[in-house]
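One-letter residues, chain by chain:
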Amino acid sequence: MPKDYSRTLRIADQMQRELADLIRNELKDPRIGMITLTGVEVSQDYAHAKIFYTTLHSESDNFLVQNGLENAAGFLRGQLLHRLKLRVIPQLHFIYDESIERGVRLSQLIDEAVASDRSEKETDNN
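Residues numbered from 1 in each chain as written. Predicted model: local features only at pLDDT ≥ 70, side-chain atom pairs only at ≥ 80, totals over all residues. Heavy atoms only, no water.

If you check an unreviewed UniProt entry, the chain appears there as Ribosome-binding factor A from Nitrosospira multiformis. Regarding the chain, the relevant UniProt record gives this comment under Subunit (unreviewed entry): "Monomer. Binds 30S ribosomal subunits, but not 50S ribosomal subunits or 70S ribosomes." (UniProt positions renumbered as here; feature names shortened; annotations may be inferred.)

This is the structure:
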């Protein structure tokens with residue numbers, strides 16, 4: 001089992017590299033723009049792949065990016081067929097990755113807490 005798991009990870013990593021290249025160089029859809037692929041998870045039977053992405057667009061524009069990626073999924077899958085030497089190319093499922101936004105928000109909350117703690121200490125010392 002560990003050997004199969006390792007192969008799945010290698011395939012996911014290769015898919016992420018190839019998809020990033022394809023999206024950057026081959027897709028002409030203006031809805032997609034600049035996105036970052038944050039991860040790829042491939043199912044054990046290689047039938048499905050979850051592609052996690054993030055973008056600099058506003059939250060309302062994420063809907064357009066998602067639609068653009070879903071419309072391009074067939075093209076991307078066909079291109080992966082030529083680039084990867086696999087019998088089965090997984091169905092591509094694009095999922096917006098909110099972890100970066102959550103991380104930024106948590107960082108802001110921590111900074112605010114530290115700043116308020118400092119201001120309380122300064123007022124106590126005076």
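A word on the pairing of strand β3 (residues 91-96)
Every second residue of β3 is oriented toward a common face, the buried set being Leu92, Phe94 and Tyr96 and the non-buried set Gln91, His93 and Ile95. As paired elements, strand β2 (residues 48-55) and β3 share six bridges and run parallel to each other. Each residue of the ladder has a partner; that of Phe52, found in β3, is Ile95. In terms of handedness, the path from β2 via helix α2 (residues 62-83) over to β3 forms a crossover that is right-handed. (Buried < 20%, exposed > 50% of the residue type's maximum accessible area, 1.4 Å probe, protein only. Helix = DSSP H or I, 4+ residues; strand = E, 2+ residues; numbered from the N terminus. Pairing = 2+ DSSP bridges. Right-handed = clockwise from strand over helix to strand, strands pointing away.)

Observations concerning unusual backbone geometry
Positive phi is not limited to glycine here, since Tyr46 has a value of about 60°. Inspection of the secondary structure assignment puts Tyr46 in the loop between β1 (35-42) and β2.

Some points on the pattern of salt bridges
Taken as a whole and judged by the stated rule, the model has four salt bridges. For the salt bridge of Arg83 with Asp21, the shortest nitrogen-to-oxygen distance reads 2.8 Å. Pair noted here: Arg83 is in helix α2 and Asp21 is in helix α1 (residues 2-25), with a separation of 62 residues, a long-range link. A residue is classified by how much of its surface remains accessible, and Arg83, at 30% relative accessible area, is partly exposed. For Arg31, the salt bridge identified is with Asp29, shortest N-O distance 2.8 Å. For Arg31, a relative accessible area of 30% gives the class partly exposed. Judged by its relative accessible area of 22%, Asp29 falls in the partly exposed class. One network of salt bridges, with partners in common, ties together Glu18, Asp21, Arg24 and Arg83. (Salt bridge = Lys/Arg side-chain N within 4 Å of Asp/Glu carboxyl O.)

Here's the deal with the confidence of the model for the chain
Across the chain, pLDDT averages 87, with 95% of residues at or above 70. Across the chain, element-level confidence peaks in β3 with a mean pLDDT of 94 and bottoms out in helix α3 (residues 99-125) with 82. (pLDDT = per-residue confidence, 0-100.)

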